[in-house]
Amino acid sequence: MIDVFLLLGSNLGTRELFLQQAIESVSAQIAPVKLISSVYETQSWGKTDEPDYLNQVLMLQTELSAQDVLEKILGIELQMGRKREVKWGSRIIDIDILFYGDEVIHDFNLVVPHPELYKRSFTLIPLAEIAPNLVHPVFKKNILQLKDELKDNLIVKKHIFE
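Residues numbered from 1 in each chain as written. Predicted model: local features only at pLDDT ≥ 70, side-chain atom pairs only at ≥ 80, totals over all residues. Heavy atoms only, no water.

You'll find the protein chain entered in an unreviewed UniProt entry as 2-amino-4-hydroxy-6-hydroxymethyldihydropteridine pyrophosphokinase, with Mucilaginibacter rubeus given as the organism. Regarding the protein chain, the UniProt comment filed under Pathway (unreviewed entry) reads as follows: "Cofactor biosynthesis; tetrahydrofolate biosynthesis; 2-amino-4-hydroxy-6-hydroxymethyl-7,8-dihydropteridine diphosphate from 7,8-dihydroneopterin triphosphate: step 4/4." (UniProt positions renumbered as here; feature names shortened; annotations may be inferred.)

Have a look at this one:
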């Protein structure tokens, strides 16, 4: 079984509900989710005039290939109504593969570990919550070390459910 870490994000509509639906879909279509971070609210990144995001990191274990996991998460996004119109634009749901075991993958449609994760507090903060000692296979540093080296100044705070 391979440990797979996914980042969920939503900044449109009922964000909490969309995250929960994504978790249920991942569990049903890929593998049961083993670890779930808290939900974090984050300023929009990349396209900063967009609504704030809710982000969450999941860990699951699967025997599916990385390409199969990618295909399934793209299907889940589509089922949930994701439209890819503008880079870094608002979205109902976004699901990214952060890590696929300790593999380093450079395919035409998939790069793992996620190439931007070390720059993004909205990724490293929830990841550090559930896997602080996970070692990045390229940088050879654990998640806490990468988090401590962040230069990102986005506001990321635990989300309070209403």
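Novice: Please set out the environment of Val104 residue by residue, giving values where relevant.
Specialist: Mapping Val104 onto the fold places it in the loop between strand 5 (94-100) and strand 6 (105-107). Residue class for Val104 comes out partly exposed when judged on its relative accessible area of 43%. As for Val104 and Asn55, which are separated by 49 residues in sequence, their C-alpha atoms are 24 Å apart. Those residues in contact with Val104 that sit more than four places away from it in its chain are Val112, Pro113, Pro137 and Val138. (Helix = DSSP H or I, 4+ residues; strand = E, 2+ residues; numbered from the N terminus. Buried < 20%, exposed > 50% of the residue type's maximum accessible area, 1.4 Å probe, protein only. Contact = heavy atoms within 4.5 Å.)

Novice: Can you break down the environment of Ile73 residue by residue, with the values?
Specialist: Secondary-structure assignment places Ile73 in helix 2 (residues 66-79). Accessibility expressed as a relative area gives 1% for Ile73, which makes it buried. The spatial distance from the C-alpha of Ile73 to the C-alpha of Ala28 is 11 Å, given a sequence separation of 45 residues. Not counting residues within four places of it along the chain, the set of residues in contact with Ile73 comprises Leu6, Ile30, Ile95 and Ile97.

Novice: Outline the pairing of strand 1 (residues 2-10), listing residues and values.
Specialist: Taking burial as the measure, the 9 residues of strand 1 include 7 buried ones, the bulk of the element. Sheet topology note: the strand 1/strand 4 (residues 53-62) ladder contains 9 bridges and is antiparallel. Residue pairing across strands places Ile2 opposite Thr62, the latter belonging to strand 4. Two elements, strand 1 and strand 5, share 6 bridges in a ladder whose sense is antiparallel. Residue pairing across strands places Gly9 opposite Asp94, the latter belonging to strand 5. (Pairing = 2+ DSSP bridges.)

Novice: I'd like to hear about the pairing of strand 4, residue by residue, with values.
Specialist: The element strand 4 is largely enclosed, with a buried count of 9 among its 10 residues. As defined by bridge partners, strand 2 (residues 33-36) adjoins strand 4 across 3 bridges and the pair is classed as antiparallel. Looking at the pairing, Leu35 lines up with Met59 of strand 4.

Novice: Describe the side chain of Ser10, naming the residues involved and giving the relevant values.
Specialist: With respect to the element layout, Ser10 can be found in strand 1. Owing to a relative accessible area of 0%, Ser10 belongs among the buried residues under this scheme. At 2.6 Å, the side chain of Ser10 forms a polar contact with the backbone oxygen of Ile92. What Ser10 contacts, discounting residues up to four positions off in sequence, is Arg15, Phe18, Leu19, Asp52, Tyr53, Leu54, Arg91 and Ile92. (Polar contact = N/O pair within 3.5 Å; in protein donor to acceptor, adjacent residues only side chain to side chain.)

Novice: Could you give an account of the pattern of salt bridges, naming the residues involved and the relevant values?
Specialist: Counted according to the given criterion, the structure contains 3 salt bridges. One salt bridge in this structure joins Glu116 and Lys119, with 3.2 Å as the shortest N-O distance. Ionic pairing is found between Lys141 and Glu149, a salt bridge with its closest N-O pair at 2.9 Å. Assessed through its relative accessible area of 29%, Lys141 is described here as partly exposed. (Salt bridge = Lys/Arg side-chain N within 4 Å of Asp/Glu carboxyl O.)

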